[in-house]
Amino acid sequence: RKELLQLFGSFGQLKKVRLPKKFDGTHRGFAFVEFLTHQEAQTAMQTLSKTHLYGRHLVLEWASDKEDLDTLREKAQRDVQDAPKNKKIRFE
């Protein structure tokens, strides 16, 4: 999270940064970064489109609230269905 704040924060003021987690506490591998202004977000999008972080290529897409919420619900449902039985889950 700190690395994302530094990387994206260099393009303007961040309104919100979210890293959704799975039920086992690990990250899903994506994040939502919200800037204060559209111009700041656009500059970050253009500049970071070919950037790598920890050896992984950053895939940047514009998000829409409804699609993001539905996508998260679908992934959460799949995680519940695929979760191993008789395994304790720690919530933080």
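This text follows the structure it describes.
Residues numbered from 1 in each chain as written. Predicted model: local features only at pLDDT ≥ 70, side-chain atom pairs only at ≥ 80, totals over all residues. Heavy atoms only, no water.

Some thoughts on the overall build of the protein
Looking only at helices and strands, one finds 3 helices and 4 strands in the protein. Helices and strands in the protein line up, N terminus first, as α-β-β-α-β-β-α. Within the protein, buried positions represent 18% of all 92 residues. The contacts in the protein between residues at least 6 apart in sequence include a share of 44% that link residues at least 24 apart. Carbon and sulfur atoms form 51% of the exposed surface of the protein, whose accessible area is close to 7500 Å². (Helix = DSSP H or I, 4+ residues; strand = E, 2+ residues; numbered from the N terminus. Buried < 20%, exposed > 50% of the residue type's maximum accessible area, 1.4 Å probe, protein only. Contact = heavy atoms within 4.5 Å. Areas by Shrake-Rupley, 256 points an atom, 1.4 Å probe, with all protein chains shown as cover.)

Here's the deal with helix α2 (residues 38–48)
Those residues of α2 that sit buried are Glu-40, Ala-41, Ala-44, Met-45 and Leu-48. The arc that holds every buried residue of α2, seen down its axis, measures 135°, which confines them to one face. Seen from the buried face of α2, the exposed residues on the opposite side, beyond 90 degrees, are His-38, Gln-39 and Gln-46. Elements that come into contact with the buried residues of α2 comprise α1 (2–9) and β2 (32–35). (Arc of directions from axis to C-beta.)

Some details on the nonpolar core
Judged by nonpolar contacts, Leu-4, Phe-8, Phe-11, Phe-35, Ala-41, Ala-44 and Leu-48 together constitute the single largest core of 7 residues. Listing elements by their share of this core, those giving two or more residues are α1 and α2. Sequence-distant contacts of Ala-44, defined by excluding residues within four places in its chain, comprise Phe-8, Phe-11, Phe-35 and Leu-60. (Core = buried A, V, L, I, M, F, W, Y, C linked by side-chain atoms within 4.5 Å.)

Re the packing of aromatic side chains
As enumerated under the stated definition, the model contains 2 aromatic pairs in all. With 5.6 Å between their ring centres and 90° between their planes, Phe-30 and Phe-32 make a pair best called edge-to-face. Judged by relative accessible area, Phe-30 falls into the partly exposed class, the value being 23%. In this structure Phe-32 comes out as buried when scored by relative accessible area, which is 15%. (Phe/Tyr/Trp six-rings, centres within 6.5 Å; stacked < 30°, edge-to-face > 60°.)

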